[in-house]
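# Structure assessment
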Amino acid sequence: GIYAAAGGTFLLTGSDLTLDAQGDTDAVWVFQTAAGLTIGAPGFPRSIILINGAQAKNVFWYVGTAARIEDQCSMVGTIIANSGVTISTAGQLATTTLEGRALSLIASVTVVNTLIYVPAP
């Protein structure tokens, strides 16, 4: 499905997000926001969880401004942000993971202490 942020921003800071394909390995999720994307909060990591055949290659995040994935989070999907992507911060001992890709149209992609797994085609 296609999901748009009503308030212009996706904030996944209070709980994890589970994407359930219900046995359909071709299920696709497209998240669109005119503003930002934030996954987790300092000291409160969050995860995007895939179940019942959901695949990271079928999850897309279109972000109008910047995306921020906090320390120790587990993120999935392709992030396409207009104004930059930041994943984790320097000095962290615990690892953040991204199963997907991170792209920025006009700014940088900053990745610190992060394992990146590119999904199978």
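Look above for the structure.
A brief report on the enclosed structure follows. (Residues numbered from 1 in each chain as written. Predicted model: local features only at pLDDT ≥ 70, side-chain atom pairs only at ≥ 80, totals over all residues. Heavy atoms only, no water.)

### Some words on the overall build of the chain
Applicable threshold: Numbered from the N terminus, helices here are DSSP runs of H or I no shorter than four residues, and strands are runs of E no shorter than two. Atoms counted for the radius of gyration: C-alpha only. Globule rule: 2.2 Å times residue count to the power 0.38. Burial classes: relative accessible area under 20% of the type maximum marks a residue as buried, over 50% as exposed, and values in between as partly exposed (1.4 Å probe, protein chains only). For this analysis, residues touch if any pair of their heavy atoms sits within 4.5 Å. The Shrake-Rupley method, run with a 1.4 Å probe, gives the accessible areas here. Residue values count only the displayed protein chains as cover. Positive charges are assigned to Lys and Arg, negative charges to Asp and Glu, while His and the chain termini are left out of the count. Note on charges: their place is set at NZ of Lys, CZ of Arg, CG of Asp or CD of Glu.
A count of helices and strands for the chain gives 0 helices and 13 strands. Reading the secondary structure of the chain in the N-to-C direction produces β-β-β-β-β-β-β-β-β-β-β-β-β. Since a compact globule built from 121 residues should have a radius of gyration of about 14 Å, the 13 Å found for the chain is in line with a globular shape. Principal-axis analysis of the C-alpha atoms gives the chain an extent of 40 × 30 × 30 Å. For the chain, the residues scored as buried account for 38% of the 121 residues in total. Partitioning the contacts of the chain with sequence separation of at least 6, the portion at a separation of at least 24 is 55%. Summing over all exposed atoms, the chain offers an accessible surface of approximately 6,000 Å²; the carbon and sulfur share of this is 56%. Averaging the coordinates of the 4 positive side-chain charges in the chain and doing the same for the 7 negative ones gives two points 6 Å apart.

### Re the nonpolar core
Keep this limit in mind: Buried residues of nine kinds, namely Ala, Val, Leu, Ile, Met, Phe, Trp, Tyr and Cys, make up a nonpolar core once their side-chain atoms join them within 4.5 Å.
W29, L37, I39, I48, W61, M75 and I79 are the most contacted members of the largest nonpolar core, which has 26 residues in total. Broken down by element, this core gets its largest block of residues, 4 residues, from strand β9 (residues 74-81). The residues contacting I39, other than those within four sequence positions of it, are L12, R46, I48, R68, I69, E70, C73 and M75.

### Structural notes on the sheet that holds strand β4 (residues 29-33)
Inclusion rule: Strand pairing is defined by DSSP finding a minimum of two bridges between the two strands. Throughout, an axis means a line fitted to C-alpha atoms (over the contacting stretch in the case of helices), and angles, computed between N-to-C directions, take values from 0 to 180 degrees.
Strand order in the open sheet formed by 6 strands is β1-β4-β7-β9-β11-β13, and the pairing between neighbours is parallel. Only two strands of the sheet have a single neighbouring strand rather than two, namely β1 (2-4) and β13 (114-117). Going from strand to strand, the sheet's axes swing by 30° on average, the running direction of each strand aside.

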